[in-house]
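Notes for the structure review
Take a look at the letters that make up each chain.
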Amino acid sequence: MYVIRKKRYTTVRRGASVAEQSNIPMSYSEHGQGDPIVLLHAFPLNGRMWEPQVSALKERYRVVIPDYPGFGNSSNPPIQPDIDYFAECVRELLDDLGLERVVLGGLSMGGYVAFACLRLFPERISALILANTRPDPDSEEIRKNRDNMARRVSEDGVEILVEMQMERLLSPNTLENNQEVVNKVETLMLESSPDGVVAALGAMRDRPNSKPLLPEIEVPTLVVGGVEDAISSPEVMGALAADIPGSIHHTISGAGHLSNMEAPEEFNDVLRNFLTKL
């Protein structure tokens, strides 16, 4: 068993002139004005992974970027959460910001949280962006791998994530030719807390099967992935898109699991084209 230390929540609104504190268990940043878009980050990074998309969208949209509890500037979760806990954190944030409906996007774990949001409060979601994620639950092998990673992080700290995750998250091309992205991903990993990482691993390990949800999705949906993604392969993403009525599917060349960071220009073009048609 891995113990998660209890800690009082503090929400920091990054980018504001004065830090704001509230009972919302996630830090967040806001950028721009217009129709609201909320982007949920991958494991084990934080909301700063979306910086290329913030730059591309903030002139026309109000972009909200949260950090999960235990990641980025957010405090640790109080208990071992399930995936619905992260979705409820999103709902609390929407309530606090007065956002009745939003375009909701998530990459990897962000997609898992987005599926939970769809189950819990679909009426708050006007459109959906699913990037480099998958709807099916973990296999027994993956569950054991998550437990092993939680043990390693508990014993050795978040530094072990660089060794364990980098080659899974980034394509060989990015690892060899884009040191800026490699350095950025490493930095974001090291900004996570061990407790937050362990909590997220447990939530992902035990998340429910979201495949039955897919045919019921009624909002415009963009499905986007990387051609070199070893976690959510093009085949997985294609099957995901095929099960969502009317969805748009795009595969980004030269990108792995973090396609928004590895190929930001192509990712942003696809994202803008989707949003302008809403």
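It should be noted that the structure appears before, not after, this text.
Owing to the predicted nature of the structure, the values given are computational and were not obtained by experimental measurement.

1. Structural notes on the packing of aromatic side chains
The relation between two aromatic rings is expressed through the spacing of the ring centres and the mutual angle of the planes. The final tally for this structure, using the stated rule, is 5 aromatic pairs. On the numbers, 6.4 Å between centres and 55 degrees between planes, the contact of Trp 50 with Phe 267 is tilted. Of this pair, Trp 50 sits in the loop between strand E3 (35-40) and helix H1 (51-57) while Phe 267 sits in helix H11 (residues 264-276); the two residues are 217 residues apart in sequence, bridging distant segments of the chain. Classification of Phe 267 by relative accessible area gives buried; the value is 2%. Ring plane angle 70 degrees and centroid distance 5.6 Å describe the contact between Tyr 68 and Phe 86, whose orientation is recorded as edge-to-face. In this pair, Tyr 68 sits in the loop between strand E4 (61-66) and helix H2 (83-97) while Phe 86 sits in helix H2, placing the two residues 18 residues apart along the sequence. For Tyr 68, a relative accessible area of 0% corresponds to the buried category. Judged by its relative accessible area of 1%, Phe 86 falls in the buried class. Chaining the aromatic ring pairs together yields one cluster made of Phe 43, Tyr 68, Phe 71, Tyr 85 and Phe 86.

2. Regarding the packing of helix H4 (residues 140-156) against helix H8 (residues 194-205)
H8 packs onto H4 with a crossing angle of 170 degrees between their chain directions and a minimal axis gap of 9 Å. Between H4 and H8, the crossing angle belongs to the class labelled roughly antiparallel. Contacts between H4 and H8 involve Arg 143, Arg 146, Asp 147, Met 149, Ala 150, Val 153 and Ser 154 from the former and Pro 194, Val 197, Val 198, Leu 201, Met 204 and Arg 205 from the latter. When the residues that make up the contact of H4 with H8 are grouped by side-chain class, the tally is 8 nonpolar, 1 polar and 4 charged.

3. Re the nonpolar core
Counting 90 residues, the largest nonpolar core has Phe 43, Leu 104, Met 109, Val 113, Val 185 and Leu 258 as the members making the most contacts within it. Among the elements that make up this core, the one with the highest residue count is H2 (9 residues).

4. Things to note about the side chain of Glu 30
Looking at the secondary structure, you find Glu 30 in strand E2 (residues 28-31). Here Arg 62 takes part through its side chain, which lies 2.6 Å from a polar atom of the side chain of Glu 30.

5. Notes on H8
Helix length check: H8, at 12 residues, gives a terminal C-alpha distance of 16 Å against a target of 16 Å (1.5 Å per residue), a fit within 8%. With 10 of its 12 residues buried, H8 lies for the most part within the structure. Within H8 the residues assigned to the buried category are Asp 195, Gly 196, Val 197, Val 198, Ala 199, Ala 200, Leu 201, Gly 202, Ala 203 and Met 204. Looking at the buried residues of H8, the elements they touch are H2, helix H3 (109-120), H4 and helix H5 (160-169).

6. Regarding the environment of Pro 215
Take Pro 215: it is sitting in the loop between H8 and strand E7 (221-226). In this structure Pro 215 comes out as exposed when scored by relative accessible area, which is 52%. Expressed as a C-alpha distance, the spacing of Pro 215 and Ala 242, which sit 27 residues apart in the sequence, is 9.2 Å. When sequence neighbours within four positions are dropped, the list of residues in contact with Pro 215 reads Asp 243 and Pro 245.

7. Overview of the environment of Gly 196
Tracing the sequence through the fold places Gly 196 in helix H8. Taking C-alpha positions, Gly 196 is 9.4 Å from Gln 80, a pair spaced 116 residues apart along the chain. Once you skip the residues sitting within four places of it in the chain, Gly 196 turns out to touch Pro 69, Gly 70, Phe 71, Asn 76 and Pro 77.

8. Section: the pattern of salt bridges
A complete count under the given rule lists 17 salt bridges for this structure. Here Glu 30 and Arg 62 are joined by a salt bridge, their closest N and O atoms 2.6 Å apart. Of the two residues, Glu 30 is situated in strand E2 and Arg 62 in strand E4; the sequence distance between them amounts to 32 residues. Its relative accessible area of 17% is what places Glu 30 among the buried residues. For Lys 184, the salt bridge is made with Glu 51, and the minimal N-O distance between the two is 3.0 Å. A residue pair is termed long-range when its members are at least 10 positions apart, and Lys 184 in helix H7 (residues 179-190) and Glu 51 in helix H1 qualify at 133 residues.

Criteria and cut-off values
- Residues numbered from 1 in each chain as written.
- Predicted model: local features only at pLDDT ≥ 70, side-chain atom pairs only at ≥ 80, totals over all residues.
- Heavy atoms only, no water.
- Phe/Tyr/Trp six-rings, centres within 6.5 Å; stacked < 30°, edge-to-face > 60°.
- Helix = DSSP H or I, 4+ residues; strand = E, 2+ residues; numbered from the N terminus.
- Buried < 20%, exposed > 50% of the residue type's maximum accessible area, 1.4 Å probe, protein only.
- Axes fitted to C-alpha atoms, helices over the stretch in contact; angles between N-to-C directions.
- Parallel < 35°, antiparallel > 145°, perpendicular 65-115°, else oblique.
- Contact = heavy atoms within 4.5 Å.
- Nonpolar A, V, L, I, M, F, W, Y, C, P; charged D, E, K, R; others polar.
- Core = buried A, V, L, I, M, F, W, Y, C linked by side-chain atoms within 4.5 Å.
- Polar contact = N/O pair within 3.5 Å; in protein donor to acceptor, adjacent residues only side chain to side chain.
- Expected span 1.5 Å × (residues − 1).
- Salt bridge = Lys/Arg side-chain N within 4 Å of Asp/Glu carboxyl O.

These values are about where atoms sit, not about what they do.
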